[in-house]
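# Report on the structure
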Number of protein chains: 2
Amino acid sequence: MPPRRATIKDVAAAAGVGVATVSRVLSGTGSASPETRERVLAAAARLDYRPSALGRSLKLGRSGGLGLLVPGLANTFYGQLADGVLACARSMGEHVVVGATGDDPEREASLLGSLVEQGVERVVAVPSGDGLGENWEPALRAGLRVVFAGRPGPGSAPSVLTDDRAGVQAAVDYLGGLGHRSIGFLGGPATARERLFRDALAAIRMPADEELIVAARATRDSAYAAAASLFQRRPDVTAVLAADNTLGEAAVLAARELDLRIPRDVSVIMFDDVPWAELCGPPLTVVAQPAHDLGYRAAELALRDRPGPDRTLLPTELIVRNSCAPRTPR
Amino acid sequence: MPPRRATIKDVAAAAGVGVATVSRVLSGTGSASPETRERVLAAAARLDYRPSALGRSLKLGRSGGLGLLVPGLANTFYGQLADGVLACARSMGEHVVVGATGDDPEREASLLGSLVEQGVERVVAVPSGDGLGENWEPALRAGLRVVFAGRPGPGSAPSVLTDDRAGVQAAVDYLGGLGHRSIGFLGGPATARERLFRDALAAIRMPADEELIVAARATRDSAYAAAASLFQRRPDVTAVLAADNTLGEAAVLAARELDLRIPRDVSVIMFDDVPWAELCGPPLTVVAQPAHDLGYRAAELALRDRPGPDRTLLPTELIVRNSCAPRTPR
DNA sequence: ATGAAAGCGCTAACAG
DNA sequence: CTGTTAGCGCTTTCAT
């Protein structure tokens, strides 16, 4: 049987002082005679005392800790974002409680509930796809401080985003410049980029062909199916923009399966400059997003005391590699 | 100012009963008249009451929650492993507190300390590279229940591992069968596979050339440098085994940079069947590890009440793609 | 069936 | 400078 963890009382007894003194010495608050300090510190060390955050939080009413809600960590983009959040939290001495929503609003709601029960009152979240966000209403009203990252949150909640509009436009401009006229769009659960895609097309006076815009659910299979069906239904697409790295992966897989050569038969651009984009055969042209920064900044905002700006926009960058070529009719 | 969260007292008052009754009704313990039940439930719902896990944990002495310590989440392998842990935790209604160690024992120790302060008493961890593990001694003695995943923990602590011996042997056998005699090994912070590599070589009666065995630190740069220097110092290596996906990535990058064609000039096998292995140019032959399962099983063990087996070994699988070819002298 | 009260570990007033 | 005490939200005897 493991010996019960030492409490502040044990330390007080061992040092021959009152509990308040121990608390003061250990938290640096108030003053204590050097000699007492010494004794307390020694006793604490000897007993391997670790103050209970539970006790402290309960007393203080506020419980440190940062919640983090992402679709899933197997996706490199969210992994990087999460690492950014962890880095910031660590630098501020806060712990973080994570949950994987699977882009499912119901799971998100339940996870959110459990965060609240844990006493977490600040969270950074990549909101689940549907975008309706009625999940967040009550939490926000209840005083939970949430900063959305990577995708805009509902209402006026603060969000740290990438400049997707510019990113999508850059991709579309690039493809358009290469002569492509039938550009497909592979979208995911978050549909914001889909609208931006239409806008980008309009900006260069190209009509949006609804059949070329497809949306997949948050699974690998669904992404693949969406990509394959797009290529099959419309053999005339000569270029495709994938809204995230999962979709990009699906696009190259589907193209390969269908014997479409990249970039000869189809040009591909995807969002997210994941490390493998460069290793891909051929190396993929991407719209890079600063995933780590996204997380770091969001965490910073959530953890800082003063509310930050409602919208932080981080730049995207079109990184040209070898997955796009001038249009040649298929 | 956000309205303070409702407490059990508020519910009791609103329902016109004592706090004990509320507690009993809400936790399903004890009995209550249907009519009282009704009133309590209604009041709780109306006030949007969420029981405080802090209060409960403090009272109960035990605090749910699972700690998770990994090198970092940007690495797909750990991301998948973490997803496995999250999946299991969620199914058992536990929350998860994560930390990224960066494979640094010091950070690991500090993170571990903060977990203990949070009242977490069960953790799954990918122990940091050094393998000395004096970090864990005290925690283990203090009754912390830790299950190691992916890498063996120090001492006799329970671990959920992949059958690396078989995996390394399969890779070496395969390469040997292809005629390779100078096989390089790219190792990381965790050195266990390095020993297995020597063993595997011995098993097929090949001498281990120390100069062909290199170890990188846990950064992308270090991995790249290690790979590049291996290729440059020893132009006679015709094959290389990379101990994880980061190292594998470095190997193909370095090879490309040095104008070494895969697999014509060098054959490459890496650990971890990350999604991009198939997309790589050329598709990479890998030793697949069930990352998600690793995490799920480890979490299961950590969360179950009875201690499980000390060692769970999950199978690896050699997945042959196109990154290896018969040896041709360079 | 239900309420009153104790106490988990901690911090902040308040005395001394 | 330091000790005593109340009380954070909750569960759990113990009475009623």
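Here the structure is a predicted model, which is why all the values come from computation and not from measurement. (Residues numbered from 1 in each chain as written. Chains lettered and ligands numbered in written order. Predicted model: local features only at pLDDT ≥ 70, side-chain atom pairs only at ≥ 80, totals over all residues. Heavy atoms only, no water.)

Mapping chain A onto chain B calls for a screw motion: a turn of 180 degrees about the axis and a shift of 0.0 Å along it, with 0.1 Å RMSD after fitting. Those values place the two copies in the arrangement expected of a two-fold rotation axis. Here 100% of the interface residues in chain A have copies in chain B that are interface residues too; the copies meet face to matching face. (Least-squares fit on C-alpha atoms with pLDDT ≥ 70 in both. Contact = heavy atoms within 4.5 Å.)

To continue, consider the protein's contact with DNA strand D. The environment of DNA strand D is formed by 25 residues, the closest being A:Thr21, A:Thr36, A:Lys59, B:Ile8 and B:Tyr49. Backbone sugar and phosphate groups make up 61% of those atoms of DNA strand D lying within 4 Å of the protein. Within the side chain of A:Thr21, an N or O atom sits 2.6 Å from a phosphate oxygen of DNA strand D. Between DNA strand D and B:Lys59 there is a distance of 3.5 Å, counted from a base oxygen to a side-chain nitrogen or oxygen. For the surface near DNA strand D, the secondary-structure elements that each account for two or more residues are helix 2 (19–27) and helix 4 (53–60) of chain A together with helix 1 (8–15), helix 2 (19–27) and helix 4 (53–60) of chain B. The element contributing the most residues to the surface near DNA strand D is helix 4 of chain B, with four residues. Of the residues that constitute the surface near DNA strand D, the class distribution is nine nonpolar, ten polar and six charged. (Near = heavy atom within 4 Å. Polar contact = N/O pair within 3.5 Å; in protein donor to acceptor, adjacent residues only side chain to side chain. Helix = DSSP H or I, 4+ residues; strand = E, 2+ residues; numbered from the N terminus. Nonpolar A, V, L, I, M, F, W, Y, C, P; charged D, E, K, R; others polar.)

Turning our eyes to something else, we now look at the interface of chain A and chain B. Opposite the 52 residues of chain A that make contact, chain B presents 52 residues. Both faces considered, chain A and chain B share a buried interface measuring about 4,400 Å² in area, 63% of it formed by carbon and sulfur atoms. Among the residues chain A hides against chain B, the three largest losses belong to A:Leu54, A:Glu117 and A:Leu279. Together they make up 17% of the total. At the surface where chain A touches chain B, the tally comes to two salt bridges. Of the charged contacts in the structure, one is a salt bridge between B:Glu117 and A:Arg50, with a shortest N-O distance of 3.4 Å. Across the contact surface, chain A and chain B share 23 residue pairs in polar contact (both at pLDDT 80 or more). Mapped onto the side of chain A that touches chain B, the elements with two or more residues apiece are helix 4, helix 5 (76–91), strand 2 (96–100), helix 6 (105–117), helix 11 (245–257) and helix 12 (276–279) of chain A. (Buried area = accessible area lost by both parts, 1.4 Å probe. Salt bridge = Lys/Arg side-chain N within 4 Å of Asp/Glu carboxyl O.)

A word on the packing of aromatic side chains. On inspection of all chains with the given rule, the structure shows six aromatic pairs over all chains. Ring centres of A:Phe77 and A:Tyr78 lie 5.3 Å apart, and the angle between their planes is 75 degrees; this geometry places the pair in the edge-to-face category. On the basis of relative accessibility, which here comes to 9%, the residue A:Tyr78 falls in the buried class. Between B:Trp136 and B:Phe148, the aromatic rings sit 4.9 Å apart at their centres with planes inclined by 85 degrees, giving edge-to-face as the arrangement. Pair noted here: B:Trp136 is in helix 7 (residues 136–141) and B:Phe148 is in strand 4 (residues 145–149), with a separation of twelve residues, a long-range link. Across the ring face of A:Phe271, the terminal group of A:Arg193 is positioned such that the distance to the ring centre comes to 4.1 Å. (Phe/Tyr/Trp six-rings, centres within 6.5 Å; stacked < 30°, edge-to-face > 60°. Buried < 20%, exposed > 50% of the residue type's maximum accessible area, 1.4 Å probe, protein only. Lys NZ or Arg CZ within 6 Å of the ring centre and 35° of its normal.)

This next bit is on the nonpolar core. The biggest cluster of nonpolar side chains holds 102 residues, and the ones touching the most others in it are A:Leu186, A:Phe197, B:Leu186 and B:Phe197. With sequence-adjacent residues up to four places away left out, A:Leu186 is seen in contact with A:Val214, A:Ala226, A:Ala227, A:Val240, A:Leu241, A:Ala242, A:Ala243, A:Leu247 and A:Ala251. Residues A:Val96, B:Leu81, B:Val126 and B:Ala299 belong to the second largest nonpolar core, which totals 56 residues. (Core = buried A, V, L, I, M, F, W, Y, C linked by side-chain atoms within 4.5 Å.)

Lining the immediate environment of DNA strand C, one finds 26 residues, of which A:Ile8, A:Tyr49, B:Ser31, B:Thr36 and B:Lys59 sit closest. When atoms of DNA strand C within 4 Å of the protein are sorted by moiety, sugar and phosphate together comprise 63%. Interatomic distance of 2.6 Å between a side-chain N/O atom of B:Thr21 and a phosphate oxygen of DNA strand C. Note that a base oxygen of DNA strand C is positioned 3.1 Å from one of the backbone N or O atoms of B:Lys59.

Residues and elements named next belong to chain A. Domain boundaries assigned for chain A yield domain 1 (1–51), domain 2 (53–161 + 293–313) and domain 3 (164–291). Distance between the C-alpha centres of domain 2 and domain 3: 29 Å. Each side of the interface is counted separately: domain 2 has 13 residues, and domain 3 has eleven residues. Looking only at domain 2, the three residues that lose the most surface to domain 3 are Asn75, Phe77 and Gln80, adding up to 37% of its buried area. (Domains from an automatic or database assignment.)

Turning next to the pattern of salt bridges. All names here are of chain A. Scanning all chains against the criterion turns up 33 salt bridges over all chains. A salt bridge links Asp209 to Arg234, with the nearest nitrogen and oxygen atoms 2.8 Å apart. A residue pair is termed long-range when its members are at least 10 positions apart, and Asp209 in the loop between helix 9 (192–203) and strand 7 (213–215) and Arg234 in the loop between helix 10 (220–233) and strand 8 (239–242) qualify at 25 residues. Each of Asp209, Glu211, Arg234 and Asp236 takes part in salt bridges that share partners, so that together they form one network.

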